[in-house]
Structures are given as structure tokens and as C-alpha cells.
Amino acid sequence: MDVIQMKASADVGNSSTKVITVEGVTKKARKQPSVISYLPVVPQFEDEEVETLVANLHKNMVVHVTSKSISQNGLFAVGDIANNFGGDGFNIKRHKKAEHDMTIIQPLAMIATTAVQNAYTQTNEVPESISIELEYVTAIPVVDYSKANAKALEERITGNHILVLYVGEELKVQVTINIVAAKVVQEGIPAFYAIAEHSPAKGKPSMFEKYNELYEVKFTGSDFTKRKILFVDIGDGTTELITVVDGKPVVTKSEGARCGVGHASEKALKAFKDKYKFNVELTRSTFMEKVLNENDKWHKEADNELKLAIHEQENKVFDAVTEVIENTLLNDVDDIVVFGGATNVFANLEKRLVDYADQYKMRVLWIDGKEASLLNAIGLDELNNKVFFKK
């Protein structure tokens with residue numbers, strides 16, 4: 001059996017996990033809710049053709065994991081399908097990503113699933129087994145980051161992991177993933193590399209288009225390597241505030257704040273359940289499905305509760321940003337670069353930061369849309385291929 005050489009870069013967020021894999025010339029980006037659920041038995045699957053089962057594997061990840069890196073080997077539903085079994089996500093007030101089993105299980109399941117799909121595309125058959133040698137990069141929040149914590153996670157994840165991935169009820173594939181090299185960085189830093197290397201696809205707008213129009217400049221990614229920048233990564237459970245000067249992160253002037261859209265969704269979930277006497281078990285993930293699904297009969301009520309809670313978190317993020325600028329950086333900042341999944345939700349924060357920046361002769365690069373939530377994963381991929389494990 002040939003060993004597949006693969007690279008993977010994983011941004012494990014409190015709300016979703018983004019994984020970019022590179023196998024030969026094939027690069028794929030995947031996104032799944034950060035949810036896992038322990039299963040006592042293999043669940044029933046829809047009776048579908050093998051081709052359909054393989055195509056939908058990412059939505060139906062059921063995998064047995066054997067690994068020294070997790071607290072308990074076992075059968076898990078991962079991602080979308082885990083919500084059907086009362087799946088557990090990160091408790092953003094208690095869990096540290098560097099210590100949580102989801103940080104290991106979720107990316108491994110997504111990598112194994114992609115490998116099976118790639119194999120099926122090449123042979124039109126579901127293989128019995130796959131063996132992978134993997135170079136792996138991931139990140140942890142600034143509030144949890146230290147060299148010791150990063151090294152501990154690198155050592156924890158390095159080595160062999162055996163996954164048995166179920167393709168329907170009758171087919172299964174043993175995927176052995178040997179992580180031969182691993183690197184853990186602090187969240188926020190990968191975004192700098194994503195911006196510095198940004199080159200829009202043909203016919204697609206640059207992420208700097210709005211910035212250039214607002215400030216009447218013609219910046220490209222390389223221009224930001226010569227600036228004093230505060231990167232603001234608004235995530236689900238934490239907001240990372242990373243200072244980068246002339247292309248180099250300044251760790252001593254970087255920090256994290258425990259605020260983000262996840263805190264808003266938790267508060268909104270509690271208010272929703274209390275106000276509407278909602279006795280059905282709801283997780284933060286299933287509550288957010290109601291917010292996002294306009295056809296859900298509880299969409300309006302859920303959306304209203306989230307908007308109320310978001311206003312409070314916007315204030316906390318604004319306060320965290322301005323406090324770092326004024327007290328840590330002494331207003332010596334050229335640009336405030338804001339990204340993360342929350343930029344698509346925190347509608348009022350952009351104008352507040354632009355107005356604030358104008359007072360102190362700073363600029364704001366506000367990144368939203370699909371790129372906002374994928375920026376760390378894109379940057380991790382750049383680091384994987386061009387810095388840590390370049391050939």
C-alpha cells in the first residue's frame with residue numbers, strides 16, 4: 001500500500017473548524033461545525049448509492065478513533081451529523097483548545113474524509129485502507145498560548161492515529177494518519193501571512209478594494225508588511241489582538257480577550273429558552289441554525305435575541321481594541337485589520353472603528369464575507385507550505 005504524502009492546516013474555532021488539505025496538486029478547503037458526539041453504536045444511514053455516500057461524507061462523518069492523543073478511544077459523530085446526537089462543542093468559558101479532544105478528533109476526521117474522497121475520485125472505488133504521512137499546522141488562542149503549551153500540543157498530536165471511517169453502514173475505510181511534523185502557532189499571526197500573500201483570483205475583487213477606495217490608496221498585500229498593524233481576530237469565544245510591526249509579530253504587545261460572537265449566542269440561547277419556555281434540548285449550534293435558517297418557524301425570535309446580545313459583545317470588542325491601542329501601543333498604529341467570522345455579524349462595529357481610527361490618523365481594513373472566517377486557515381496553509389515545511 002502506497003503512503004500518501006499530505007499537508008493539512010487546521011483552524012479549530014469555537015464555532016467551526018476549517019481545514020485545508022494539500023495532496024499532490026489537489027488542494028481542498030473544508031468547513032464544519034465544531035461539534036463531536038460519542039456514539040455507543042454505528043447509527044443508521046440513508047440507503048444511498050456509494051457515489052452519493054462518498055460525496056456527502058463531510059456531512060455524515062462517523063468515525064472510530066484510536067489515538068494516544070485523546071482521553072478515550074471510541075466511535076464519534078463529527079461535524080454536521082453530531083448535532084443529530086446532542087453533540088458537544090467547546091464550552092467557551094471553560095475549555096482550552098490545546099487540551100480538548102475536539103482539537104484532535106475534528107481535524108483528523110476531516111482529513112481522513114478528504115483522503116477517502118480523493119481516493120474514490122481517482123479509482124471510482126472505496127478503498128479498504130489508506131495510509132497518510134502528514135505535515136500539520138494549527139493554532140491556539142493568544143490567551144492560552146505559550147511556547148510550552150504549543151510544544152505540548154505538537155508532541156501530543158505527533159505520531160500515529162488510526163481512524164475507521166464509515167461510508168454508510170456496510171463500507172468502512174481504515175485511515176492511518178502518521179503526523180510526522182507538527183507546528184502550533186498563536187491565532188491571529190496566520191492572518192498576516194494570508195494578507196501579505198493575498199492575490200485575488202481572476203475576476204474576483206481584492207480584499208483591499210474597500211480599504212483602497214476609502215483611503216484613496218492602491219495597497220496590495222506586500223504594502224502591509226511595512227506597517228504597524230493591530231490584527232483583530234473576532235472569533236466565537238475569544239478576540240485575538242496581535243501586534244505586527246514591519247511583518248514581524250510582537251508577542252509582548254499581543255493579547256487575547258474573552259469576548260466574541262459565541263458569548264453573544266450563549267446569552268441569546270439562554271434568553272430565548274427562558275422567554276419562550278423552550279423545553280426541547282437546544283445547543284448553541286442548533287440555536288444558531290434557527291438564526292441562520294429564515295424558514296425555521298422560530299427564526300425571527302432567535303434572530304432578535306441574538307441581535308440584542310451581539311450589541312453587548314460589540315461594545316466589549318470595541319473596548320478591548322481601543323484599550324490595547326491606547327494603553328499598550330500608545331496610539332502608535334498605522335492599521336487596524338479586523339477579520340473573523342464575527343465581522344459578518346457585528347454590523348455596527350466597523351463604522352465605530354473607522355470613526356475612532358480617523359481621530360488618531362489610523363486606517364481600518366475590515367475583512368468580511370467568506371474570506372473573514374477562512375483567513376486564519378489560509379494563513380496556516382501559507383505557513384505550512386512556505387515557512388515551516390517548505391520543500
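As a reminder, the structure under discussion sits directly above these lines.
On a predicted model such as this, the values are computed, not experimentally measured, just so you know.

(A) How the structure looks around the overall build of the protein chain. The secondary structure content of the protein chain amounts to 10 helices and 15 strands. The C-alpha radius of gyration computed for the protein chain amounts to 21 Å, which stays within 12% of the reference 21 Å derived for 391 residues, consistent with globular compactness. Principal-axis analysis of the C-alpha atoms gives the protein chain an extent of 65 × 60 × 45 Å. For the protein chain, the proportion of its 391 residues judged to be buried stands at 55%. The long-range share in the protein chain, meaning contacts at least 24 apart out of those at least 6 apart in sequence, stands at 71%.

(B) The arrangement of empty space enclosed by the protein in detail. One pass over the full model with this rule turns up two cavities of 30 Å³ or more. When its volume is computed, the second largest cavity comes out at roughly 50 Å³. Residue lining of the second largest cavity: Phe45, Glu48, Leu53, Asn56, Leu57, Asn60, Tyr166, Val167 and Gly168, and that is the complete set. Classifying every residue of the lining of the second largest cavity gives five nonpolar, three polar and one charged.

(C) A look at the pairing of strand 1 (residues 3-12). Of all 10 residues in strand 1, eight are buried; the element is thus mostly enclosed. Note: strand 1 against strand 7 (residues 129-140), eight bridges, orientation parallel. Looking across to strand 7, one finds that Val3 is bridged to Ser131. Relative to strand 2 (residues 16-23), strand 1 runs antiparallel, the two sharing seven bridges. From the neighbouring strand, Met6 faces strand 2, where its bridge partner is Glu23. Hairpin connection from strand 1 to strand 2: three residues lie between these consecutive antiparallel strands.

(D) Just the packing of aromatic side chains, in detail. Evaluated as defined, the whole model comprises 14 aromatic pairs. Each ring, one from Phe231 and one from Phe339, has its centre 6.5 Å from the other, and the planes form 75 degrees; the classification is edge-to-face. Separated by 108 residues along the polypeptide, Phe231 in strand 10 (residues 228-234) and Phe339 in strand 14 (residues 335-339) bring together distant segments of the chain. Taken together, a centroid distance of 5.8 Å and an interplanar angle of 90 degrees make the contact between Phe272 and Trp298 edge-to-face. In this pair, Phe272 is assigned in helix 6 (residues 261-275) and Trp298 in the loop between helix 7 (284-292) and helix 8 (299-328), connecting sequence segments 26 residues apart. Taking relative accessible area as the criterion, Phe272 reaches 0% and is therefore assigned buried. By way of ring pairs, the aromatic residues Phe208, Tyr211, Tyr215, Phe219 and Phe224 are connected into one cluster. It is Arg352 that lies over the ring of Phe318; its NZ or CZ is 4.2 Å from the centre.

(E) Summary view of the sheet that holds strand 9 (residues 171-186). Reading across the sheet, the nine strands line up as 3-2-1-7-9-8-5-6-4 and stay open at both edges, with mixed pairing between neighbours. Two strands close off the open sheet at either side, each with one partner strand: strand 3 (26-33) and strand 4 (36-39). Averaged over all pairs of adjacent strands, the angle between their axes in this sheet comes to 30 degrees, without regard to strand direction. The pairing of strand 5 (residues 61-67) with strand 6 (residues 74-78) spans five bridges and is classified as antiparallel. Looking across to strand 6, one finds that His64 is bridged to Leu75. Helix-sheet contacts for helix 3 (residues 147-157) involve strand 7, strand 8 (159-167) and strand 9, and the interaxial angle to strand 9 is about 160 degrees.

(F) Representation of helix 6 within the structure. Here helix 6 spans 21 Å end to end across 15 residues, near enough to the 21 Å set by a 1.5 Å rise per residue. Among all positions in helix 6, only Val261, Gly262, His263, Ala264, Ser265, Ala268, Leu269 and Phe272 are buried. On its buried face, helix 6 sits against helix 7 and helix 8. Positive backbone phi, at 50 degrees, marks Lys277, one or two positions downstream of helix 6.

(G) Spotlight on unusual backbone geometry. The phi torsion at Glu216 lies on the positive side, around 55 degrees, for a residue other than glycine. Looking at where Glu216 falls in the secondary structure, it is placed in the loop between helix 5 (209-215) and strand 10. Given the relative accessible area of 74%, Glu216 is considered exposed. One non-glycine residue, Asn331, adopts positive backbone phi at about 65 degrees. Residue position: Asn331 is located in the loop between helix 8 and strand 14. Judged by relative accessible area, which is 30%, Asn331 ranks as partly exposed.

(H) Structural view of the packing of helix 4 (residues 189-196) against helix 10 (residues 370-388). Packing of helix 4 against helix 10 brings their axes to within 7 Å, and their N-to-C directions diverge by 80 degrees. It follows from the interaxial angle that helix 4 and helix 10 lie roughly perpendicular. For the pair helix 4 and helix 10, the contacting residues are Pro190, Ala191, Tyr193, Ala194 and Ile195 in the first and Leu375, Asn376, Ile378, Gly379, Leu380, Glu382, Leu383 and Val387 in the second. In terms of residue class, the contact of helix 4 with helix 10 is made up of 10 nonpolar, two polar and one charged.

(I) Local environment of the pairing of strand 3. With eight bridges connecting them, strand 2 and strand 3 associate as antiparallel partners. What sits directly across from Lys18, in strand 3, is Lys31. The turn linking strand 2 back onto strand 3 is made up of two residues, and Gly24 within it adopts a positive phi angle of 65 degrees.

Rules used throughout
Residues numbered from 1 in each chain as written. Predicted model: local features only at pLDDT ≥ 70, side-chain atom pairs only at ≥ 80, totals over all residues. Heavy atoms only, no water. Helix = DSSP H or I, 4+ residues; strand = E, 2+ residues; numbered from the N terminus. Rg over C-alpha atoms; globule rule 2.2 N^0.38 Å. Buried < 20%, exposed > 50% of the residue type's maximum accessible area, 1.4 Å probe, protein only. Contact = heavy atoms within 4.5 Å. 1 Å grid on protein atoms, 1.4 Å probe; cavity = no way out; pocket = protein on both sides within 12 Å on 5 of 7 lines; lining within 4 Å. Points joined across faces, edges and corners; volume = space filled by probe spheres on them. Nonpolar A, V, L, I, M, F, W, Y, C, P; charged D, E, K, R; others polar. Pairing = 2+ DSSP bridges. Phe/Tyr/Trp six-rings, centres within 6.5 Å; stacked < 30°, edge-to-face > 60°. Lys NZ or Arg CZ within 6 Å of the ring centre and 35° of its normal. Axes fitted to C-alpha atoms, helices over the stretch in contact; angles between N-to-C directions. Expected span 1.5 Å × (residues − 1). Parallel < 35°, antiparallel > 145°, perpendicular 65-115°, else oblique.

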